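What the coordinates show
The primary structure of each chain is shown beneath.
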Amino acid sequence: MKSIFKIALLFGITVFVSSCHDKSAPNYQYFPNMYESVGYETYSESKAFKDGKEGQLPAKGSLKRGFDVYEYENSTAGYELAKANLKSPLDSIQKDIVKGQELYEIYCISCHGAAGNGKGKLVEREKFLGVPSYADRPITEGSIFHVITYGLNSMGSHANQLDAKERWLVANYVLKLKSEL
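Below, the structure is looked at part by part. The shown structure was predicted, so the numbers you read here are calculated from the model rather than taken from an experiment.

About the cut-offs
- Residues numbered from 1 in each chain as written.
- Predicted model: local features only at pLDDT ≥ 70, side-chain atom pairs only at ≥ 80, totals over all residues.
- Heavy atoms only, no water.
- Patch = residues over 30% accessible without salt bridge, like charges linked within 9 Å, V, L, I, M, F, W, Y side chains within 5 Å.
- Areas by Shrake-Rupley, 256 points an atom, 1.4 Å probe, with all protein chains shown as cover.
- Salt bridge = Lys/Arg side-chain N within 4 Å of Asp/Glu carboxyl O.
- Helix = DSSP H or I, 4+ residues; strand = E, 2+ residues; numbered from the N terminus.
- Buried < 20%, exposed > 50% of the residue type's maximum accessible area, 1.4 Å probe, protein only.
- Phe/Tyr/Trp six-rings, centres within 6.5 Å; stacked < 30°, edge-to-face > 60°.
- Arc of directions from axis to C-beta.
- Contact = heavy atoms within 4.5 Å.
- Lys, Arg positive; Asp, Glu negative; His and termini not counted.
- Polar contact = N/O pair within 3.5 Å; in protein donor to acceptor, adjacent residues only side chain to side chain.
- Axes fitted to C-alpha atoms, helices over the stretch in contact; angles between N-to-C directions.
- Parallel < 35°, antiparallel > 145°, perpendicular 65-115°, else oblique.
- Left-handed = near helix turned anticlockwise from the far one by under 90°.
- Nonpolar A, V, L, I, M, F, W, Y, C, P; charged D, E, K, R; others polar.

**Section: a nonpolar patch on the surface**
Residues Phe5, Leu9, Ile13, Phe16 and Val17 make up a contiguous nonpolar surface patch of about 560 Å² in total accessible area. Within the element layout of this structure, Ile13 appears in helix 1 (residues 2-19). With a relative accessible area of 45%, Ile13 lands in the partly exposed category.

**Describing the packing of aromatic side chains**
Enumeration over the complete set of coordinates arrives at five aromatic pairs. With a centroid separation of 4.1 Å and 10° between ring planes, the pair formed by Phe145 and Trp168 is classed as stacked. With Phe145 in helix 7 (residues 141-150) and Trp168 in helix 8 (residues 164-180), the pair connects residues that are 23 residues apart, well separated along the chain. We classify Trp168 as buried; its relative accessible area is 6%. Of the aromatic side chains, those joined through ring pairs into one cluster are Tyr70, Tyr72, Phe145, Tyr150 and Trp168.

**Considerations on unusual backbone geometry**
Of note, the phi angle at Glu126 is positive, near 60°, even though the residue is not glycine. Relative to the elements of secondary structure, Glu126 occurs in the loop between helix 6 (121-124) and helix 7. A positive phi angle, close to 55°, is found at Asn153, a residue other than glycine. Looking at where Asn153 falls in the secondary structure, it is placed in the loop between helix 7 and helix 8. A relative accessible area of 74% places Asn153 in the exposed class.

**Quick word on the pattern of salt bridges**
Tallied over the entire structure, the rule returns one salt bridge. A salt bridge links Lys176 to Glu180; its shortest N-O distance comes to 2.8 Å. In this pair, Lys176 and Glu180 are both assigned in helix 8, four residues apart and thus about one turn of the helix distant. For Lys176, a relative accessible area of 30% corresponds to the partly exposed category.

**Describing helix 3 (residues 76-85)**
All of the buried residues in helix 3 are Gly78, Tyr79 and Ala82. Seen end-on, helix 3 carries its buried residues on one side only, within an arc spanning 100°. Exposed residues lying more than 90 degrees from the buried face of helix 3 are Thr76 and Ala84. For helix 3, the secondary structure elements touched by its buried residues are helix 7.

**Some points on the side chain of Glu141**
Structurally, the position occupied by Glu141 is in helix 7. The charged side chain of Glu141 is buried without a salt bridge, its nearest counter-charge being Lys95 at 4.1 Å. A distance of 3.2 Å separates the side chain of Glu141 from the backbone nitrogen of Ser88, its partner in a polar contact. Once residues within four sequence positions are removed from consideration, Glu141 is found in contact with Leu86, Lys87, Ser88, Lys95, Trp168, Ala171 and Leu175.

**Remarks on the packing of helix 3 against helix 7**
Two numbers describe how helix 3 lies on helix 7: the axes approach to 6 Å, and their chain directions differ by 140°. In this view, helix 3 runs oblique relative to helix 7, as classed from their interaxial angle. Relative to helix 7, helix 3 is oriented so that their crossing is right-handed. Of the residues in helix 7, those touching helix 3 at Gly78, Tyr79, Ala82 and Lys83 are Gly142, Ser143, His146 and Val147. A breakdown of the residues in the contact of helix 3 with helix 7 according to their chemical character gives three nonpolar, four polar and one charged.

Just distances and angles here, no functional claims.
Below is the structure:
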């Protein structure tokens, strides 16, 4: 008799609990915008910006964080000025030839070659032609830094890959290679 009573009680509780759930009404949602977000059209005007523009420009004269000002312009005249006037700010203790060689081997060796003779792997495979040897060019540390910063001819800028100190280290190593040719 006790077992029939227990079974009936369990059956009654099950019916009571399942009958309270209304499947037509959804449960409460916390943060419903996360589940059902508003769809925005890509590149559409937004009220988040002034006058419905797509974005805002930075303040005039502002510089991004970590940016070093380089006063020579990207032109032939800027190159000549850098070649004549620009000197490395690194003293003899900061000029690390080993670090300069490591950076050269990462960014420069594929085109300019290990000896700086313009016979890197990409030149040997004829991917780039006309890469000059350092021995053939009248270069200074200022001109090397300028070319690494802005690029020249087929060579692109490496300013995004190398910060100013690293570019000076590479320029110092290039001058070492030039003296050995």
